Amino acid sequence: MTDETLLSARKLSLSYGMLPALVDVDVDLWPGEMLAVVGESGSGKTTLLNVLSGRLAPDAGAVWYRDPDGHLHDVHAMPAPALRTLHRSDWGFVHQDPRQNLRMNVTAGGNVGERLMAQGARHYGSIREQAIDWLTQVEIDAGRIDDMPRTFSGGMLQRLQIARTLVTHPRLVFMDEPTGSLDVSVQARLLDLIRSLVTRLNIAVVLVTHDIGVARLLAHRIIVMQRGRVVETGLTDQVLDDPQHPYTQLLVSSVLHA
Amino acid sequence: MKGYNFAYLDEQTKRMIRRALLKAVAIPGHQVPFGSREMPLPYGWGTGGIQVTASVLGAGDVLKVIDQGADDTTNAVSIRRFFARTAGVHTTTRTADATVIQTRHRIPEQTLRDDQIIVYQVPQPEPLYRLESSRIETRRMHALADYGLMHVKLYEDIARFGQISISYDYPVMVNRRHLMSPSPIPAFDNPKLHRMPTLQLFGAGREKRIYAIPPWTEVRSLDFDDHPFRPIRAPHPCGLCGATDSYLDEVVIDDRGGRLFVCSDTDHCAERRAAGHVGTEGLKEAAE
Ligand SMILES: Nc1ncnc2c1ncn2[C@@H]1O[C@H](COP(=O)(O)OP(=O)(O)OP(=O)(O)O)[C@@H](O)[C@H]1O
Ligand SMILES: [Mg+2]
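Since this is a predicted model, take the numbers as computed values, not measurements.

A.B. asks: Would you mind going over the overall build of chain A with me for this structure?
C.D. replies: The number of helices and strands found in chain A is nine helices and 10 strands. Taken against the 2.2 N^0.38 rule, which gives 18 Å for 258 residues, the C-alpha radius of gyration of chain A at 18 Å falls within 12% of a compact globule. Along the first, second and third principal axes, the C-alpha atoms of chain A reach 55 × 45 × 40 Å. Of all 258 residues assigned to chain A, the portion counted as buried reaches 55%.

This is the structure in structure tokens:
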């Protein structure tokens, strides 16, 4: 781990009317690191993810991203074209509902190839080869490459979304409850897949989940949120084995007793 | 014609359209909104093209109007007559004699010159229209030159049909920056757009958009390195003039299902025949 963060946020605050959704939130993410954001429903996890990824402007505070050349960018001060370029190259976003990200009227191969084409890939054969390679990596039979996503199961759709996102080798991926819409039996397999892919490709991930088990399985570090505030943060094992804040203690014990 | 301004439109409207045209020329391939006027013709009859033509026409111009390559369709004849009456300009069917050519669905076969202007009638100016229904989103895509989606469409064609299956309105990149609809001309005509010496103006009346390609601009048909763009043409010579390099229409010639391939550009065909070129049908007629 280098001492230079990939993404840093300081004093993020955001209110929806009278409701404080983020209060003085600090976040640091290092290259290749998996950071879990946990907390109960309504604690501000998705709001934080959207602010970190530049999709939602905070009322106060700033988010900084360090590009591959080492230059820092104030994410919310970036011109829209630059932010969009970032989102389709260096960054990726995995939604809870894969239908939000996938093009349902485009074949699996076209879905995986889109980011390559958006980056200027102009060789059909090589786009197809990479699509086949990525379908295989996410354990979708390469023979399904010309099939429409609507013929895929929920787990397959989520894996297709991951292939579509990772095909351009992003350095940073934001994930919002990536297993949230799946059966428990399918969840475990997808989590294993995510873990092996991001480890091998050395991708940094901000992962939002309300599931402590998911955080323990995947994340190096963890942020615990309650009512828009970070109440505890640290190495995942330390925080979960020896929670200091009463709210974290409650979260952990509720899992143990479940 | 009494009671009308020159070329029907009032001067203020023409100035407004010319301003849009200047902007369009300055940003090749970019769609410029304009305050489209009611014209004494229904939409679909080329009201966008007519307004552009009206705004660039001068008293000394010679106008040619073509519809699917022909000068003699009802549409072409009425637009020609409209300007003959309202502007008193000379009209012609000869491509070489025209200074302004308004067209629907074709580019003349004869190479156009730098002292001519070609005006295209455009039904749908947005090349991403079928792929992305949101206007806000397509505008953003143009602003950011974010055209991956158009290539996805081409990718899907090859994956499904083994080739790119767009035969009309084949999308182009203008000046390496803007994705543009060339209007519903056959893909066969696309290469003529590239580095044409002629000023090319596009008018969409219903959609209220104007765009342009200045002379000598780079215009590339979208494709893949390993599936290059190929202009498609029926593999026959023209039955009337014998041309093997012109775009052909298939026409029914009798009530026994007889068919014939002939030049879609009627002026081009007539000129070739006048110069002594004969196709198979012409030879048959001579023999009878
Ligand atoms: N667009 C909005 N307008 C008003 N209030 C909102 C909006 N989005 C979120 N909120 C509120 O802000 C708070 C934080 O919402 P957020 O979606 O970030 O929570 P979350 O931790 O992601 O919850 P969940 O686990 O249910 O997805 C909640 O009280 C929510 O109701
Ligand atoms: Mg949420």
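A.B. asks: Mind showing me how you'd approach the overall build of chain B here?
C.D. replies: Secondary structure summary: chain B contains eight helices and 12 strands in total. Structurally, chain B occupies a C-alpha span of about 60 × 60 × 35 Å along its principal axes. Residue burial in chain B is summarised as follows: out of 288 residues, 53% are buried. Sequence separation of 24 or more characterises 62% of the internal contacts of chain B that already satisfy a separation of 6 or more. Total accessible area on chain B is roughly 13200 Å²; 51% of this is exposed by carbon and sulfur atoms.

A.B. asks: Looking at this structure, I do not really get the site of ligand 1. What am I missing?
C.D. replies: All names here are of chain A. Every residue lining ligand 1 is accounted for by Y16, L19, A21, E40, S41, G42, S43, G44, K45, T46 and T47. S41 is positioned with one of its side-chain polar atoms (N or O) 2.5 Å from an oxygen atom of ligand 1. Within the side chain of T46, a nitrogen or oxygen atom sits 2.8 Å from an oxygen atom of ligand 1. Every element with two or more residues in the shell around ligand 1 is listed here: β2 (19–29) and α1 (45–52). At three residues, the largest contribution of residues to the shell around ligand 1 is made by α1. Within the shell around ligand 1, the residues separate by chemical class into three nonpolar, six polar and two charged.

A.B. asks: I'm lost on the sheet that holds strand β1 (residues 7–16) of chain A in this one. Help?
C.D. replies: Pairing between sheet strands relies on hydrogen bonds along the backbone, with the strands arranged either parallel or antiparallel. Residue and element names in this part refer to chain A. Ordered in space as β2-β1-β4-β5, the four strands form an open sheet in which the pairing is antiparallel. Every other strand in the sheet has two partners, leaving β2 and β5 (72–74) as the edge strands with one partner each. Each neighbouring strand pair of the sheet contributes to a mean axis angle of 25°, computed without reference to strand direction. The sheet contact formed by strand β4 (residues 60–66) and β5 spans three bridges and is antiparallel. Counterpart to W64 in the pairing with β5 is D74. Set on the sheet, α1 makes contact with β1, β2 and β4; between it and β1 the angle comes to about 125°.

A.B. asks: Help me out: how do you make sense of the sheet that holds strand β10 (residues 219–221) of chain B in this one?
C.D. replies: Residues and elements named next belong to chain B. Spatial ordering of the open sheet is given by β7-β6-β10, a layout of three strands whose pairing is antiparallel. Each edge of the open sheet is held by one strand with a lone partner, namely β7 (178–180) and β10. Pairwise comparison of adjacent strand axes, ignoring direction, gives a mean angle of 30° for this sheet. When strand β6 (residues 172–174) meets β10, the two strands line up antiparallel, connected through three bridges. The residue bridging V172 from the neighbouring strand is S221, located in β10.

A.B. asks: What exactly am I supposed to notice about helix α2 (residues 47–56) of chain B here?
C.D. replies: Since the α-helix turns once every 3.6 residues, residues separated by three or four places project in the same direction. When you tally the buried positions in α2 of chain B, you get nine out of 10 residues, the bulk of the element. Restricting attention to buried positions, one finds in α2 of chain B the residues T47, G48, G49, I50, Q51, V52, T53, A54 and S55 of chain B.

A.B. asks: Would you mind showing me how to read the interface of chain A and chain B here?
C.D. replies: Bring the parts together and some accessible area is lost; that lost area is often taken as the interface size. Tallying the contact residues gives 22 residues for chain A and 21 residues for chain B. On the chain A side of the interface with chain B, the three residues burying the most area are R84, R122 and Y124 of chain A, jointly 40% of the side's total. For E137 of chain B, the salt bridge is made with R84 of chain A, and the minimal N-O distance between the two is 3.1 Å. Viewed at the interface, chain B and chain A are joined by 11 residue pairs in polar contact (both at pLDDT 80 or more). When residues of the side of chain A that touches chain B are traced back to their parent elements, those giving at least two are α2 (80–88), α3 (108–118) and α4 (124–137) of chain A. Partitioning the side of chain A that touches chain B into residue classes produces nine nonpolar, six polar and seven charged.

A.B. asks: Would you take a moment to explain the domain arrangement of chain A for this structure?
C.D. replies: Residues and elements named next belong to chain A. For chain A, the domain assignment lists domain 1 (7–90 + 170–256) and domain 2 (104–169). Between domain 1 and domain 2, the contact holds 17 residues from the first and 16 residues from the second. Taking both sides of the interface into account, the surface hidden between domain 1 and domain 2 amounts to around 1500 Å²; carbon and sulfur atoms contribute 63%. Sorting the residues of domain 1 by area buried against domain 2 places R88, P170 and L193 first, and these three jointly supply 34% of that buried surface. Scanning the region where domain 1 abuts domain 2 turns up one salt bridge. Measuring nitrogen to oxygen at the nearest pair gives 3.1 Å for the salt bridge that ties E139 to R189. Across the domain 1-domain 2 interface, the total number found is six residue pairs in polar contact (both at pLDDT 80 or more). Elements represented by at least two residues in the side of domain 1 that touches domain 2 include exactly α2 and α6 (184–201). With eight residues, the top contributor of residues to the side of domain 1 that touches domain 2 is α6.

A.B. asks: In this structure, what is going on with unusual backbone geometry? I would like to understand it.
C.D. replies: Most peptide bonds take the trans form, and the phi angle of most residues other than glycine is negative. Residues and elements named next belong to chain B. The backbone phi angle of D169 is positive, close to 55°, even though this residue is not glycine. Looking at where D169 falls in the secondary structure, it is placed in the loop between α5 (148–161) and β6. Classification of D169 by relative accessible area gives partly exposed; the value is 26%. For S183, which is not a glycine, the phi torsion comes out positive at approximately 70°. Relative to the elements of secondary structure, S183 occurs in the loop between β7 and α6 (190–193).

A.B. asks: Help me out: how do you make sense of the pairing of strand β6 (residues 91–94) of chain A in this one?
C.D. replies: If a strand is regular, its side chains alternate between the two faces of the sheet. Residue and element names in this part refer to chain A. The two faces of β6 match: W91 and F93 on one face and G92 and V94 on the other face are all buried. With four bridges joining them, β6 and strand β7 (residues 172–176) adopt parallel strand pairing. Bridging across to β7, W91 finds its partner in L172.

A.B. asks: Would you mind going over the packing of aromatic side chains with me for this structure?
C.D. replies: Two aromatic rings are characterised by how far apart their centres lie and by the angle between their planes. Overall, the coordinates contain 11 aromatic pairs over all chains when judged by the stated rule. Here Y65 of chain A and W91 of chain A contribute two aromatic rings whose centre-to-centre distance is 5.1 Å and whose plane-to-plane angle is 85°, an arrangement assigned as edge-to-face. With Y65 of chain A in strand β4 and W91 of chain A in strand β6, this pair connects stretches of sequence that are 26 residues apart. The burial state of Y65 of chain A is the same as that of W91 of chain A; both residues are buried. On the numbers, 6.0 Å between centres and 65° between planes, the contact of Y124 of chain A with F224 of chain B is edge-to-face.

Criteria and thresholds
- Residues numbered from 1 in each chain as written.
- Chains lettered and ligands numbered in written order.
- Predicted model: local features only at pLDDT ≥ 70, side-chain atom pairs only at ≥ 80, totals over all residues.
- Heavy atoms only, no water.
- Helix = DSSP H or I, 4+ residues; strand = E, 2+ residues; numbered from the N terminus.
- Rg over C-alpha atoms; globule rule 2.2 N^0.38 Å.
- Buried < 20%, exposed > 50% of the residue type's maximum accessible area, 1.4 Å probe, protein only.
- Contact = heavy atoms within 4.5 Å.
- Areas by Shrake-Rupley, 256 points an atom, 1.4 Å probe, with all protein chains shown as cover.
- Near = heavy atom within 4 Å.
- Polar contact = N/O pair within 3.5 Å; in protein donor to acceptor, adjacent residues only side chain to side chain.
- Nonpolar A, V, L, I, M, F, W, Y, C, P; charged D, E, K, R; others polar.
- Pairing = 2+ DSSP bridges.
- Axes fitted to C-alpha atoms, helices over the stretch in contact; angles between N-to-C directions.
- Buried area = accessible area lost by both parts, 1.4 Å probe.
- Salt bridge = Lys/Arg side-chain N within 4 Å of Asp/Glu carboxyl O.
- Domains from an automatic or database assignment.
- Phe/Tyr/Trp six-rings, centres within 6.5 Å; stacked < 30°, edge-to-face > 60°.

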